[in-house]
Structure formats: structure tokens, C-alpha cells
Amino acid sequence: ASTAKRYGLGAHRGRLNIQAGVNENDFYDGAWCAGRNDPYQWIEVDARRLTKFTGVITQGRNSLWSSNWVTSYRVLVSNDSHAWTAVRNESGDVIFEGNSEKEIPVLNMLPEPLVARYIRINPRSWFQEGSICMRLEILGCPLPDPNNYYHRRNEMTTTDNLDFKHHNYKEMRQLMKTVNKMCPNITRIYNIGKSNQGLKLYAVEISDNPGEHEVGEPEFRYIAGAHGNEVLGRELILLLMQFMCQEYLAGNPRIVHLIEDTRIHLLPSVNPDGYDKAYKAGSELGGWSLGRWTQDGIDINNNFPDLNSLLWESEDQKKSKRKVPNHHIPIPDWYLSENATVAVETRAIIAWMEKIPFVLGGNLQGGELVVAYPYDMVRSMWKTQDYTPTPDDHVFRWLAYSYASTHRLMTDARRRACHTEDFQKEDGTVNGASWHTVAGSINDFSYLHTNCFELSIYVGCDKYPHESELPEEWENNRESLIVFMEQVHRGIKGIVKDAHGKGIPNAVISVEGVNHDIRTADGDYWRLLNPGEYVVAVKAEGYTTATKTCEVGYDMGATQCDFTISKTNLARIKEIMKKFGKQPMSLSIRRLRQRARQWRQQR
């Protein structure tokens, strides 16, 4: 650029939709801002090869504290960055109309495409109470150049024969049908409910026995599109279901093994109403927030019950009679009322989570490149950022790292930060609460209300990448998507049964030293743990408690750790007396009656 107000407002911060930090410090601000306010300022883009330029999209400066945007500008092109030609029409240099506020993108197409290597934007007027600040994106098509070493070195291709395009609702549904038709023996299409506008929330199940929970087989889920304008996750899930079908048919042993040993659920669009808004606006013009919320303006990702506060309040008041368990915390009554501000999509997800005994899940989001793990809410009400670990912090950190470390860019120290955060110090992972506190997140709710360990996976800097970028984004994420699914087989698993060999549902599995329990499904359970030796206890109402030591190794595959527990004497007595139409009397009642008889005799 010609000049810059300071480093944090340099040309490198001039990308469309770039977000500023809350503090707007010297390094991370929300636009390029010129050092002076005069008509001689410019920002220049080097396409690094001859390009047919077709248009420009601009925004103002992203800022909570100031208002700055360019209201008109000229466009110039060059092949050597010295001699410049302005875009003209029959009246002279074209003055393009810029922005009237800071966030809504404004598109200007050139009167006719121009071929050049460099393009400059020259602001001519700006918001009177502000200064020259802008974010922009250049539209164009690179021309073929086999001699351009830089382009060949950075060109990403894929050998996977998949449908690389943005799919609207109808096309998404058709793609699911195509996958189901290709692999009818391992896939099933079903819906978990409807959106505010009545669109069905479709999911695809991939399993060797679709439609049923198999005892001993863990359940995994990927969901995407809770924010309707974060579309990359949606397309990655659609690509993943195609890929797994194709690889299963081709006999890929890794994929065959995964499908035969896991029940996988893929829900690509949680908020189809929001997606529809973003899709109609398109990749560039949707901005940062159009389509983020549901039709009734709710952020699904943060719309779940706040169970953290209930648990922490109970823990802090140790003498409180209202003790909250450390697992399967009930949903508060107020949340279940019809008047509660809860999206129909959120209620559908909760019902789905309660119906299926998920063990591990990832919700794919966009706009960053990091894996966030719970807790997402800080424990102190006086802080907005504070590392807040779950009792399973080491497990969550491993799960996050398993995705980040196998992604092509997340742990690459050479890559630029997406917006304002550099997550390299934690290898592409972050504790959600240390990033920014959120009450009622899907991750925290999943951990505290169900058995499922859930993480938020931010799969790309751009929420809505160009269709031409989808093959590269697939290559960036493909291995990570598979590796993360495989982590569902880490830790211990087993069956809790009675003396007759019958599975006991809702038995509580406790691990010594980890203050978070899980429950059995149909007598079977899975407990995610890192390698090590653990003392595991099982208890169920009416049964004796059993304990054993279970060892988790480093090889993939959960350690089998079964339990057989017998009924307590009281439970047996209750069974016998119920059989003969009688009820056992508790000891306390028996004593009260005995005292009453003695009192009457004394009178």
C-alpha cells in the first residue's frame, strides 16, 4: 500500500471479512488504513501471474470503536507495477461507488475484463467523520501459464473423484440419495426434526448394520452448519460420505474396518434456513454474519442449557442439599417450557443426542483454523477468558491434537493467522473458555448431559470459500476427519451384566481420579481415556458395586473391560416379597412402629 496508519492496519490486514481483535492492538486490526487522508493513497494486489480481472468487492474497517470506510474509488491495472492504466469508459476514468457502512460487502464489476498482473484500488472519497480504511477482494481468472513456477508449486489438486461444488438444500438431499443408492448396505438416510421454516434436518448413517445400535459398537457423529453461513463444514461432510462409500466399495481396509466397527452419523446442515440466506448472497457478498442465525434469530451453537453453572454452584456450596451429579445433569424445567427462547433446531439436536448413545462428536465450524475443546464457559463470572478444564482435560487435549496435527495447515508455523489469534503455541488447539467464554455451548452440554465428548472444529479461515477451493480444503481436512473418527476406539469399553448375563442399562461407570462418570447404554459402555492404568468402578441401583483395574495401551483399539454385578440382598428381598404381593418394610419405619407400640403399652 502507499502508506499505512500503523503495522496493525497495514495492507496485509486488508482482506475481505477479516476480523479485528477486541483490543484492536498494533498487530491485529480490521482493515488497511492509509497513513494520510488524500486522493493519492492506494492498495495494490500482485496476482503473481497474468489474470483476467473482472471485479472488486469492498468493505469498511471492522471495528467496535470507530467508523471508517471508502465511499468511492478508482481501479488501475499494470503489468510491471510502474506504468498504470485506469479503468475507463467513454466519459473518462470510472469512479466506482464504495461503501455506505463498514460491514456489508459491495460488489463492482469492471465495464469489461482487463488482463494484467497487478491491480490497484485508489480511494477518491471516504466517510467524512472517518479516514481511508478498506477491506477488499479481487475477482478474476488466472490465465494458464505453464512456465509460472510459483503457481505450479502452490497448486493443490486431488485424485478423489468427488462432487466438488456448493450444494443447496435440494442438491444436498439428492447427493445423499445418490450415496445411499451406491452403498445401500451400509448407509441410511433419516431426519432428526425440522427447521423453523419446515426443512427436514437430514442425516446419513454409515454402518455395517444401519438402523440399529449394535451392542459393543460405539456411535460417532459429525455435524455442521449450526451457523448457516459457515458452509465449508457442510461440504466436507458431504464429501466425506461420498469418500467413505467409494472407499468401502473399493475395499480400502482402513475404511472397511472403521465402518464395520463404528456406527457413524453425519448431519451436514443443522441450520438450513440460515444456509439458504448465505447461499443466495453467494461466497463473497454474504459478509461475516448473513445466515449465521436461525430464522428466528437464535445462535444454535450457544442455545443449549447452561449446565455448567448448576454443577459449579453445587460444588461451591458443599453443604447444599441440592447436590448436582457430575454427569447426565438433568435439563432445567425452565428450558423445557414452551416460552423458553430455544430454537426448534436446538430441541431436535437435544432429542437426537438423548436418543443415541454417542461417544464422540465434532461440530464443524468456519472462520478460523483451530480445534476448541471444553469447557467453553469460564467458571468465574468476572472473567471473559480463562483456561477452564474439564475433569477429562488430558483426553480432550489429545482429541483436539489428533485432528489439528493431521490437518495440512493447523500446526504449520509458517501459515498466517486467520484473523486476530495465533494458535501455534498450543499446536492448533485451544480451550474454549480461554479463547472466549460462552454459556450454553453444544460442547459443554454434550459433556455434562450425555456420555459424548464433543469438540468444535474450525476447518478454515474463510466461512464460505470459493467453489474452486473445495478440492484443496478437502485435501487439507480429509486425513483429519478420518483420524478423529478413529479416536472413538480409544480408552476402555465393555458390557455390564447381571448374574444371568443380561445387560444392565444406566449403570454408572466411574474412573478413580476423574470426577466425571458415564452410563451404560444397553449394558454396553465406552469410556474415552488416554493410555495408562485406571481403577474403574461400576454401580447400579439394586446391585453391588464392582471394581477392577483396566489398562489402556498405546495401540488403537479400546481395552475390553467387562463387569458382572449381582443384586444386593435388599433387592432380592424386594423381588421375593413383590412376587407374593408384599412390600419389604424399611428399617426406619419398623423402628418407628416398635416405639409407638411401646408408648401405647406404657400408657
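Criteria and cut-off values
- Residues numbered from 1 in each chain as written.
- Predicted model: local features only at pLDDT ≥ 70, side-chain atom pairs only at ≥ 80, totals over all residues.
- Heavy atoms only, no water.
- Pairing = 2+ DSSP bridges.
- Helix = DSSP H or I, 4+ residues; strand = E, 2+ residues; numbered from the N terminus.
- Axes fitted to C-alpha atoms, helices over the stretch in contact; angles between N-to-C directions.
- Salt bridge = Lys/Arg side-chain N within 4 Å of Asp/Glu carboxyl O.
- Buried < 20%, exposed > 50% of the residue type's maximum accessible area, 1.4 Å probe, protein only.
- Core = buried A, V, L, I, M, F, W, Y, C linked by side-chain atoms within 4.5 Å.
- Contact = heavy atoms within 4.5 Å.
- Phe/Tyr/Trp six-rings, centres within 6.5 Å; stacked < 30°, edge-to-face > 60°.
- Polar contact = N/O pair within 3.5 Å; in protein donor to acceptor, adjacent residues only side chain to side chain.
- Left-handed = near helix turned anticlockwise from the far one by under 90°.
- Nonpolar A, V, L, I, M, F, W, Y, C, P; charged D, E, K, R; others polar.
- Disulfide = S-S within 2.5 Å.
- Parallel < 35°, antiparallel > 145°, perpendicular 65-115°, else oblique.

Per an unreviewed UniProt entry, the protein goes by the name Inactive carboxypeptidase-like protein X2 and belongs to Amazona collaria.

Novice: How would you summarise the sheet that holds strand E20 (residues 514–519) if you had to cite specific residues and measurements?
Specialist: Across the sheet, which stays open at both edges, the four strands sit in the order E20-E19-E22-E23 with antiparallel pairing between neighbours. Among the strands making up the open sheet, the edge pair consists of E20 and strand E23 (546–552). Sheet twist, expressed as the average angle between the axes of neighbouring strands with direction ignored, equals 30°.

Novice: Please give an account of the pattern of salt bridges that cites residues and values.
Specialist: The final tally for this structure, using the stated rule, is 27 salt bridges. In this structure, Arg 36 and Asp 38 form a salt bridge, with 3.5 Å as the shortest nitrogen-oxygen distance. Classification of Asp 38 as buried rests on a relative accessible area of 17%. Between Lys 280 and Asp 276 there is a salt bridge, with the nearest N and O atoms lying 3.2 Å from each other. With Lys 280 and Asp 276 both in helix H5 (residues 272–281) and four residues apart, this pair spans about one turn of that helix.

Novice: Any chance you could break down the nonpolar core for me, citing the residues and the numbers?
Specialist: Of all hydrophobic cores here, the largest spans 91 residues; its most connected members are Tyr 222 and Met 244. The dominant element in this core, judged by the number of residues it contributes, is helix H3 (residues 232–249), at 10 residues. What Met 244 contacts, discounting residues up to four positions off in sequence, is Ile 206, Ile 255, Leu 258, Ile 259, Ile 264 and Met 485. Of all hydrophobic cores here, the second largest spans 21 residues; its members include Val 496, Ile 504, Leu 529 and Tyr 543.

Novice: Let's hear about the packing of aromatic side chains: which residues, and what values?
Specialist: The geometry of an aromatic ring pair is captured by the separation of the ring centres together with the interplanar angle, meaning the angle of the planes. Within the structure shown, the criterion is met by 22 aromatic pairs. With 6.3 Å between their ring centres and 35° between their planes, Tyr 169 and Tyr 202 make a pair best called tilted. Pair noted here: Tyr 169 is in helix H2 (residues 169–182) and Tyr 202 is in strand E11 (residues 200–206), with a separation of 33 residues, a long-range link. On the numbers, 6.3 Å between centres and 75° between planes, the contact of Tyr 403 with Phe 484 is edge-to-face. Highlighted residues: Tyr 403 in helix H9 (residues 393–404) and Phe 484 in helix H12 (residues 470–486), separated in sequence by 81 residues. Across the pair, exposure class does not vary: Tyr 403 and Phe 484 are buried alike. Aromatic rings pair up to connect Trp 312, Tyr 375, Phe 396, Tyr 447 and Phe 453 into one cluster.

Novice: Which residues make up the environment of Glu 354, and what values go with them?
Specialist: Mapped onto the elements of the fold, Glu 354 is located in helix H8 (residues 344–355). On the accessibility criterion, Glu 354 (47% relative accessible area) is partly exposed. When the C-alpha positions of Glu 354 and Ser 446 are compared, they lie 9.6 Å apart, and in sequence the two are 92 residues distant. Beyond its immediate sequence surroundings of up to four residues, Glu 354 is in contact with Ile 331 and His 449. Reaching out from Glu 354, the side chain makes a polar contact with the side chain of His 449 at a distance of 2.7 Å.

Novice: I'd like a rundown of the packing of H8 against helix H11 (residues 442–449), residues and numbers included.
Specialist: The contact between H8 and H11 brings their axes to 11 Å, and the two run at 35°. Crossing hand, H8 versus H11: right-handed. Residues Ile 349, Ile 350, Met 353 and Glu 354 of H8 pack against Ile 442, Phe 445, Ser 446 and His 449 of H11. Grouping the constituent residues of the contact of H8 with H11 by class yields five nonpolar, two polar and one charged.

Novice: Which residues make up the sheet that holds strand E13 (residues 263–267), and what values go with them?
Specialist: Taken together, the eight strands give an open sheet; going across it, the order is E10-E11-E13-E12-E14-E17-E15-E16, and neighbouring strands pair in mixed fashion. With one partner strand each, in any of the chains shown, strand E10 (187–194) and strand E16 (429–431) form the two edges of the open sheet. Here the average twist between neighbouring strands, direction ignored, is 25°. Lying on the sheet, H8 is in contact with E10, E11, strand E12 (219–224), E13 and strand E14 (358–365); it crosses E10 at an angle near 130°. H11 contacts E12, E14, strand E15 (368–373) and strand E17 (453–460) of the sheet and is inclined by roughly 160° relative to E17.

Novice: Please set out the state of the cysteines residue by residue, giving values where relevant.
Specialist: Going through the model one piece at a time under the given rule, you end up with four disulfides. Shown here is the disulfide that connects Cys 33 with Cys 133, its sulfur atoms set 1.9 Å apart. A torsion of 115° about the S-S bond marks the disulfide between Cys 33 and Cys 133 as right-handed. Here Cys 33 is found in strand E1 (residues 32–33), whereas its partner Cys 133 is found in strand E9 (residues 133–142), with 100 residues between them in sequence. Side by side, Cys 33 and Cys 133 carry an identical accessibility label, which is buried. Across the disulfide, Cys 418 is cross-linked to Cys 461 (sulfur-sulfur distance 2.0 Å). Measuring the twist about the S-S bond at about -70°, one finds the Cys 418-Cys 461 disulfide to be left-handed.

Novice: Would you mind going over the side chain of Glu 230 in detail, with residue names and values included?
Specialist: Here Glu 230 lies in the loop between E12 and H3. Among the polar contacts made by the side chain of Glu 230, one reaches the side chain of Lys 463 at a distance of 3.5 Å. Excluding residues that lie within four positions of it along the chain, Glu 230 makes contacts with Gly 225, Arg 292, Gln 365, Gly 366 and Lys 463.

Novice: Residues and numbers for the packing of H9 against H12, please.
Specialist: Packing of H9 against H12 brings their axes to within 7 Å, and their N-to-C directions diverge by 150°. Classified by the angle between their axes, H9 and H12 sit roughly antiparallel to one another. Across the interface between the two elements, Leu 399, Ser 402 and Tyr 403 of H9 pack against Asn 477, Ser 480, Leu 481, Val 483 and Phe 484 of H12. In terms of residue class, the contact of H9 with H12 is built from five nonpolar, three polar and no charged.

Novice: Explain H5 to me, using residue names and the numbers behind them.
Specialist: Turning to H5, its buried residues number three or more, namely Pro 272, Asp 273, Gly 274, Tyr 275 and Ala 278. Its buried side turned inward, H5 meets H2, E11, H3 and H8. Phi for Gly 282, located one or two positions after H5, is positive at around 100°.

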